[in-house]
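This is what each chain is made of:
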Amino acid sequence: MEQPYLSIVIPVYNEESNLVPLIERLYPVVKGTGKPFEIIFTNDGSRDRSLEILRRFVQDYPGAKVIEFNGNFGQHMAILAAFEMSRGEIVITMDADLQNPPEEIPRLVAEIEKGYDVVGTIRQKRQDTLFRRLASRVVNITTNKMTGMHMNDYGCMLRAYHRYVVDNINRCRETTTFIPALAQTFASNPAEIPVSHAERALGESKYSFYRLIRLNFDLMTGFSVVPLQLFALFGIITSLFSLAFALFLLVRRFIVGAEVEGVFTLFAILFFFIGIIILGIGIVGEYVGRIYQEVRKRPRFVVRKTYGFEE
Ligand code: UDP
Ligand code: MG
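Everything quoted here is computed from the prediction, not taken from an experiment.

K.L.:
Which residues make up the site of ligand 1, and what values go with them?
P.N.:
If you check the shell around ligand 1, you find 18 residues, and the closest are Glu15, Asp44, Asp97, Ser205 and Lys206. Between Tyr13 and ligand 1, the recorded distance is 2.9 Å, taken from a backbone N or O atom to an oxygen atom. Asn72 is positioned with one of its side-chain polar atoms (N or O) 3.1 Å from an oxygen atom of ligand 1. When ligand 1 is considered free in solution it has 520 Å² of accessible area, and contact with the protein chains removes 94% of it.

As structure tokens, this is what we get:
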């Protein structure tokens, strides 16, 4: 088999209704580039007919390959597994639900060929609910602030990576990660281009509110220790204030004499700080949890079988 120039990487989790329309739009586009290519699907433990459909692709579409996971390990692990098996000079990630138009791929390739090593995309006229768009705004702003990186849209998975960025990502052994942010740390010359965005074709989003919060925590704690530092800083400021407050009360004691009013104000203040303390413990716990996951050194994902990779 020829060394592929393009590797398209697609994570698949319960997408049976989208796969055929996807390959029918994707295949002509990739073929049209005239370069040798491979399309790697990772079946992330789908419980519908996705795997069956994907295995048919391996027969019907030369260059289609499938990695079958032993269970559901999440979108980013599915992409990482495909990264490890990919051999293309340019690696492109995209979603299976047709929210990322395959027709944009040649533009991404052209951008990498211009010398950029990571090409991100900014979704134009985003077709998601207001809630999802707001959540993304928060993620983008906090991630940029905390990590010192600059990207307009972390959420869009239609992205292109140069081989050496992928090789560096493959050297990381993190168990919870977020690939666009990870890639950004290895990029020396990133670019971003606007792409169109569509509504999810069929099926439902795999990200619930809870999973979005998890993702945000992964982004925050996975790429910086700023939350810990902010917390420590806040602790210092609070102690200074309470010291001043104590002094004030002491002075007042001599002027006004003993008094018990304002107990409830005190309660309010107390509860506020208890809340802060619990939050702080939570943040510390988040880091401890990550350390725990890393030191266990469990395999990040388990591949049951691969199709189409044999020469
Ligand atoms: N996905 C996956 N494993 C998961 C969740 C999602 O492989 O546990 C895949 C899913 O099939 C899709 C992509 O990741 O190709 C993005 O998921 P989704 O469209 O549900 O996310 P959203 O667009 O709502 O952010
Ligand atoms: Mg989607």
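K.L.:
Give a description of the side chain of Arg163 that names residues and reports values.
P.N.:
Position of Arg163 among the secondary structure elements: in helix 6 (residues 163-171). Not counting the four nearest positions on each side in its chain, Arg163 is found in contact with Phe83, Ser86, Arg87, Gly88, Glu89, Val91 and Asn170.

K.L.:
Break down the packing of helix 1 (residues 16-32) against helix 2 (residues 50-60) for me, citing the residues and quoting the values.
P.N.:
For the pair helix 1 and helix 2, the least separation of the axes is 8 Å and the interaxial angle reads 20 degrees. With respect to helix 2, the axis of helix 1 lies roughly parallel. Two packed elements cross with a definite hand, and for helix 1 against helix 2 that hand is right-handed. Residue-level contacts link Glu16, Leu19, Val20 and Ile23 of helix 1 to Ser50, Ile53, Leu54, Arg56 and Phe57 of helix 2.

K.L.:
Account for the sheet that holds strand 1 (residues 6-12), with residues named and values stated.
P.N.:
On the basis of which strands lie adjacent, the open sheet formed by 8 strands has the order 7-5-6-4-1-2-3-8 and mixed pairing. Of all strands in the sheet, those bounded by a partner on one side alone are strand 7 (190-196) and strand 8 (303-307). Put simply, the sheet's adjacent strands are angled 20 degrees from each other on average, direction ignored. Strand direction decides the pairing type here: strand 1 and strand 2 (residues 37-43), joined by 7 bridges, are parallel. Among the inter-strand pairings, Val9 is bridged to a residue of strand 2, identified as Ile40.

K.L.:
Could you give an account of helix 3 (residues 75-85), naming the residues involved and the relevant values?
P.N.:
Structural remark: α-helix, 3.6 residues per turn; residues separated by three or four positions point the same way. Counting buried positions along helix 3 yields 9 of 11 residues, so the element is predominantly enclosed. Buried residues of helix 3: Gln75, His76, Met77, Ala78, Ile79, Leu80, Ala81, Ala82 and Phe83, and no others.

K.L.:
An account of the coordination of the magnesium ion (ligand 2) is requested, with residue identities and associated values reported.
P.N.:
At 1.9 to 2.0 Å from the magnesium ion (ligand 2) lie its protein donor atoms, namely Asp97 (OD) and Gln99 (OE1). The pair Asp97 / Gln99 is uniform in exposure class, with both members buried.

K.L.:
Help me get a handle on the nonpolar core, residues and values and all.
P.N.:
Ranked by size, the top nonpolar core spans 37 residues in total, and within it Ile8, Ile10, Ile39, Phe41, Phe57 and Ile92 carry the most contacts. For this core, the elements supplying multiple residues, two or more each, are strand 1, helix 1, strand 2, helix 2, strand 3 (64-69), strand 4 (90-93), helix 4 (105-113) and strand 7. It is helix 1 that provides the largest number of residues to this core, a total of 7 residues. Contacts of Ile39, omitting those with residues within four sequence positions, involve Ile8, Ile10, Ile23, Leu26, Tyr27, Val30, Gly63, Ala64 and Lys65.

K.L.:
Can you lay out the packing of aromatic side chains for me, pointing to particular residues and giving the numbers?
P.N.:
To describe a pair of aromatic rings, one takes the distance between the centres and the angle between the planes. A full pass over the atoms with the stated rule returns 9 aromatic pairs. Taken together, the ring pairs in this structure connect Tyr27, Phe37, Phe41, Phe57 and Tyr61 into an aromatic cluster.

K.L.:
So what's going on with a nonpolar patch on the surface? Which residues, and what values?
P.N.:
Residues Leu243, Leu247, Leu250, Val251, Phe254, Ile255 and Val256 make up a contiguous nonpolar surface patch of roughly 780 Å² in combined accessible area. Relative to the helices and strands, Ile255 is located in helix 9 (residues 226-256). With relative accessibility at 68%, the residue Ile255 sits in the exposed group.

K.L.:
I'd love a proper account of unusual backbone geometry, names of residues and values included.
P.N.:
Here Asn14, not a glycine, exhibits a phi torsion of approximately 50 degrees, which is positive. With respect to the helices and strands, Asn14 occurs in the loop between strand 1 and helix 1. With a phi angle near 65 degrees, Leu98 is a residue other than glycine that sits in the positive phi range. By secondary structure assignment, the location of Leu98 is in the loop between strand 4 and helix 4.

K.L.:
Quick rundown of the pattern of salt bridges? Include the residues and the values.
P.N.:
In the structure shown here, the tally under the stated rule is 15 salt bridges. In this structure, the salt-bridge partner of Arg300 is Glu84, at a minimum N-O distance of 3.1 Å. Of the two residues, Arg300 is situated in the loop between helix 10 (263-296) and strand 8 and Glu84 in helix 3; the sequence distance between them amounts to 216 residues. Classification of Glu84 by relative accessible area gives partly exposed; the value is 37%. Taken together, the shared-partner salt bridges connect Glu15, Asp97 and Arg200 into one network.

About the criteria used
Residues numbered from 1 in each chain as written. Chains lettered and ligands numbered in written order. Predicted model: local features only at pLDDT ≥ 70, side-chain atom pairs only at ≥ 80, totals over all residues. Heavy atoms only, no water. Near = heavy atom within 4 Å. Polar contact = N/O pair within 3.5 Å; in protein donor to acceptor, adjacent residues only side chain to side chain. Areas by Shrake-Rupley, 256 points an atom, 1.4 Å probe, with all protein chains shown as cover. Helix = DSSP H or I, 4+ residues; strand = E, 2+ residues; numbered from the N terminus. Contact = heavy atoms within 4.5 Å. Axes fitted to C-alpha atoms, helices over the stretch in contact; angles between N-to-C directions. Parallel < 35°, antiparallel > 145°, perpendicular 65-115°, else oblique. Left-handed = near helix turned anticlockwise from the far one by under 90°. Pairing = 2+ DSSP bridges. Buried < 20%, exposed > 50% of the residue type's maximum accessible area, 1.4 Å probe, protein only. Donors = N, O, S within 2.8 Å, 3.2 Å for Na, K, Ca; no water. Core = buried A, V, L, I, M, F, W, Y, C linked by side-chain atoms within 4.5 Å. Phe/Tyr/Trp six-rings, centres within 6.5 Å; stacked < 30°, edge-to-face > 60°. Patch = residues over 30% accessible without salt bridge, like charges linked within 9 Å, V, L, I, M, F, W, Y side chains within 5 Å. Salt bridge = Lys/Arg side-chain N within 4 Å of Asp/Glu carboxyl O.

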